[in-house]
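Architecture and fold: a report
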Amino acid sequence: MKFELPKLLYDYNALEPSIDALTVEIHYDRHHRGYANKLNEALEKHPEFAEGKTIEAILSDVNSIPEDIRQAVINTGGGYANHNLYWAILSPNGGGLPKGELLAAITKTFGSFPEFKTELTKKANSVFGSGWAFLVVNKNKALEIVASANQNSPLSDGKTPILGIDVWEHAYYLNYQNKRPDYVTAIWNIINWDEVERLYNETV
Amino acid sequence: MIYELPKLPYAYDALEPYIDAKTVEIHYTKHHQSYLHNLNNIAKDYPEVFLDKKITQVLTDIDNVPEKIRQQVINQGGGYANHNLYWLILSPNGGGKPDGKLVEAIKQRFETYENCKRELEAAAVSVFGSGYGWLVVDKNTKQLDIITTKNQDSPYSINKIPLIVIDVWEHAYYLNYQNRRPEYVAKIFNVINWDEIEANYEKALLY
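Residues numbered from 1 in each chain as written. Chains lettered and ligands numbered in written order. Predicted model: local features only at pLDDT ≥ 70, side-chain atom pairs only at ≥ 80, totals over all residues. Heavy atoms only, no water.

Of the voids in this model, the largest pocket is the one considered here, and its volume is about 690 Å³. For the lining of the largest pocket, the secondary structure elements donating two or more residues are α1 (21-43) and α4 (67-88) of chain A together with α6 (113-126) and α8 (181-188) of chain B. With seven residues, the top contributor of residues to the lining of the largest pocket is α1(A). When its residues are assigned to classes, the lining of the largest pocket shows ten nonpolar, ten polar and five charged. (1 Å grid on protein atoms, 1.4 Å probe; cavity = no way out; pocket = protein on both sides within 12 Å on 5 of 7 lines; lining within 4 Å. Points joined across faces, edges and corners; volume = space filled by probe spheres on them. Helix = DSSP H or I, 4+ residues; strand = E, 2+ residues; numbered from the N terminus. Nonpolar A, V, L, I, M, F, W, Y, C, P; charged D, E, K, R; others polar.)

Here we come to the sheet that holds strand β2 (residues 143-149) of chain A. Residues and elements named next belong to chain A. Strands sit in the order β2-β1-β3 across an open sheet of three strands; the sheet is antiparallel. In this open sheet, the two edge strands, each paired with only one partner strand, are β2 and β3 (160-166). For this sheet, the mean angle separating the axes of adjacent strands, direction not counted, is 25°. Pairing of strand β1 (residues 131-137) with β3, which is carried by six bridges, proceeds in the antiparallel orientation. Across the sheet, the residue bridging to valine 137 is threonine 160, located in β3. Lying on the sheet, α4 is in contact with β1 and β3; it crosses β3 at an angle near 80°. (Pairing = 2+ DSSP bridges. Axes fitted to C-alpha atoms, helices over the stretch in contact; angles between N-to-C directions. Contact = heavy atoms within 4.5 Å.)

Let us look at the pattern of salt bridges. Within this structure, the stated rule accounts for 14 salt bridges over all chains. Between B:Glu114 and B:Lys97 there is a salt bridge, and its shortest N-O distance comes to 3.0 Å. Residue B:Glu114 is located in helix α6, and its partner B:Lys97 is located in the loop between α4 (67-88) and α5 (100-110); the two are separated by 17 residues in the primary sequence. In this structure, B:Asp145 engages B:Arg109 in a salt bridge whose closest nitrogen and oxygen atoms are separated by 3.0 Å. Placement of the pair is B:Asp145 in strand β2 (residues 144-150) and B:Arg109 in helix α5, with a sequence separation of 36 residues. Its relative accessible area of 31% is what places B:Arg109 among the partly exposed residues. Salt bridges sharing common partners tie together A:Asp29, A:Arg30 and A:Arg33. (Salt bridge = Lys/Arg side-chain N within 4 Å of Asp/Glu carboxyl O. Buried < 20%, exposed > 50% of the residue type's maximum accessible area, 1.4 Å probe, protein only.)

Moving on, we get to the packing of helix α5 (residues 100-110) of chain A against helix α6 (residues 113-126) of chain A. All names here are of chain A. With their axes 8 Å apart at the nearest point, α5 and α6 run at an angle of 75° to one another. Classified by the interaxial angle, the pair formed by α5 and α6 is roughly perpendicular. For the pair α5 and α6, contact is made by Leu103, Ile106 and Phe110 and by Phe113, Glu115, Phe116 and Glu119, respectively. (Parallel < 35°, antiparallel > 145°, perpendicular 65-115°, else oblique.)

Turning next to the interface of chain A and chain B. Size of an interface: often given as the accessible area lost when the parts come together. With 17 residues of chain A at the contact, the number on the chain B side is 19 residues. When the two sides are added together, the surface that chain A and chain B hide from each other amounts to roughly 1800 Å², 62% of it contributed by carbon and sulfur. On the chain A side of the interface with chain B, the three residues burying the most area are A:Phe128, A:Glu169 and A:Tyr173, jointly 38% of the side's total. For the interface between chain A and chain B, the tally reads zero salt bridges. Counting every contact that joins chain A to chain B gives eight residue pairs in polar contact (both at pLDDT 80 or more). When residues of the side of chain A that touches chain B are traced back to their parent elements, those giving at least two are α1 and α7 (173-176) of chain A. (Buried area = accessible area lost by both parts, 1.4 Å probe. Polar contact = N/O pair within 3.5 Å; in protein donor to acceptor, adjacent residues only side chain to side chain.)

What follows deals with helix α1 (residues 21-45) of chain B. The first and last C-alpha atoms of α1(B) sit 36 Å apart over 25 residues, in line with the 36 Å expected at 1.5 Å per residue. Along α1(B), the largest kink reaches about 30° and is centred on B:His27. (Expected span 1.5 Å × (residues − 1). Bend = angle between axes of the 7 residues up to and from the residue.)

One broad trend across soluble globular proteins is that nonpolar side chains are buried collectively. Ranked by size, the top nonpolar core spans 142 residues in total, and within it A:Tyr183, B:Phe50 and B:Tyr184 carry the most contacts. No fewer than three residues from each of domain 1 (21-88) and domain 2 (100-203) of chain A sit in this core. (Core = buried A, V, L, I, M, F, W, Y, C linked by side-chain atoms within 4.5 Å. Domains from an automatic or database assignment.)

Now for the environment of B:Leu85. All names here are of chain B. Note on placement: leucine 85 falls in helix α4. Under the relative-accessibility criterion, leucine 85 is labelled buried at 13%. A C-alpha to C-alpha distance of 8.4 Å links leucine 85 and proline 162, two positions 77 residues apart in sequence. With residues up to four places along the chain from it excluded, the contact list for leucine 85 reads Trp134, Pro162, Leu163, Val165 and Asn200.

Now for unusual backbone geometry. In terms of backbone geometry, most residues other than glycine have negative phi values and most peptide bonds are trans. In this structure, A:Pro17 follows A:Glu16 across a cis peptide bond, with omega equal to 0°. Within the element layout of this structure, A:Pro17 appears in the segment before α1. Residues B:Glu16 and B:Pro17 are joined by a peptide bond in cis, for which omega reads 0°. By the secondary structure assignment, B:Pro17 is in the segment before α1. Of note, the phi angle at A:Gln177 is positive, near 50°, even though the residue is not glycine. Residue placement: A:Gln177 occurs in the loop between α7 and α8 (180-187). Overall, A:Gln177 belongs to the buried group, its relative accessible area being 8%.

Here A:Ala50 lies in helix α2 (residues 47-50). Separated by 43 residues in the primary sequence, A:Ala50 and A:Lys7 have C-alpha atoms spaced 22 Å apart.

This paragraph deals with helix α9 (residues 193-203) of chain A. Of the positions making up α9(A), those classed as buried are A:Trp193, A:Glu195, A:Val196, A:Glu197, A:Leu199, A:Tyr200 and A:Thr203. The inward-facing, buried residues of α9(A) abut α4, α5, α6, β1, β2 and β3 of chain A.

The structure is reproduced here in structure tokens:
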């Protein structure tokens with residue numbers, strides 16, 4: 001079984017001006033593709049292990065990964081899965097507010113949508129080094145905001161990510177350089193709430 | 001103690017074509033400056049921790065830093081110190097090979113300079129996420145070694161004196177090399193300032 005690079009659902013320039021075309025192209029075609037290729041390469045050593053499993057299932061149970069490829073799968077499998085999510089929850093038609101049950105859950109957990117937005121923004125800006133900030137659904141089906149280092153997946157802590165903000169410098173450096181907070185502010189204009197809601201409903 | 005941004009000993013464009021002018025400018029005036037700024041903010045509230053101490057000394061004695069600010073000092077103090085060294089060990093007149101006592105030590109530990117270079121390159125390329133590849137001297141044994149650290153962790157905190165530092169945070173190369181970190185790491189050897197590194201090595205032996 002080979003993990004494949006999901007098709008990007010929009011053109012490289014579709015997320016401008018929030019994310020520039022060159023960044024999307026390199027991020028998707030080099031970084032994301034690189035994680036997919038290296039994941040498949042690592043799994044070649046244990047073809048039976050990944051057979052029939054989704055990447056989400058693998059990352060949810062990292063202790064079952066053969067030890068000699070465990071860290072490689074955490075890194076590259078995490079990179080693969082995190083980026084699958086990232087491209088899916090962005091859209092040129094995004095922005096605005098969530099609706100329905102997701103909005104109700106956000107309001108219940110964080111007080112209001114603006115308070116949620118402030119908290120997730122703060123979390124993304126506070127990651128030191130390479131990593132991510134996520135909105136996740138935890139084991140109690142409640143929403144939570146978490147950060148993770150490098151490509152570590154919240155799935156490995158029993159949490160299902162439904163929105164991910166990539167704060168590796170490669171996600172924004174060509175356009176924003178050291179100004180990560182500007183990138184994090186701009187990304188709210190392209191969040192695909194329909195997809196985040198779909199993931200939320202699927203998880204709870 | 002107020003720490004200061006060391007003067008950059010060359011112009012922003014001096015390391016071209018290996019490291020482009022815009023990268024040097026932003027790396028020095030924004031990233032390095034911001035670590036310094038954040039460090040001084042911490043030092044202001046905890047003067048007794050930093051009193052008369054070089055930042056490398058604070059990082060060496062990191063266990064004595066109050067727990068409440070320790071991670072901040074590791075991050076911001078490390079970022080300040082690591083970049084201080086990075087700019088110093090680069091030079092537009094760099095490149096070539098090491099000389100003198102240093103090259104003897106390199107041969108003793110790695111057999112050839114080429115082996116040492118290959119190992120250091122491989123280490124820097126292998127860092128997953130943000131961090132550094134280093135050639136260091138062990139403070140006790142005086143042995144050379146190649147290590148990696150994550151984020152802004154300093155070799156001083158694990159009893160090593162750094163000689164060569166290769167910054168592999170993406171901000172060190174992304175504008176020019178994007179995802180091609182191995183190319184940046186290979187090219188940086190054209191601007192390695194061996195005179196400075198040899199002087200640091202001789203000082204490290206006396207430490």
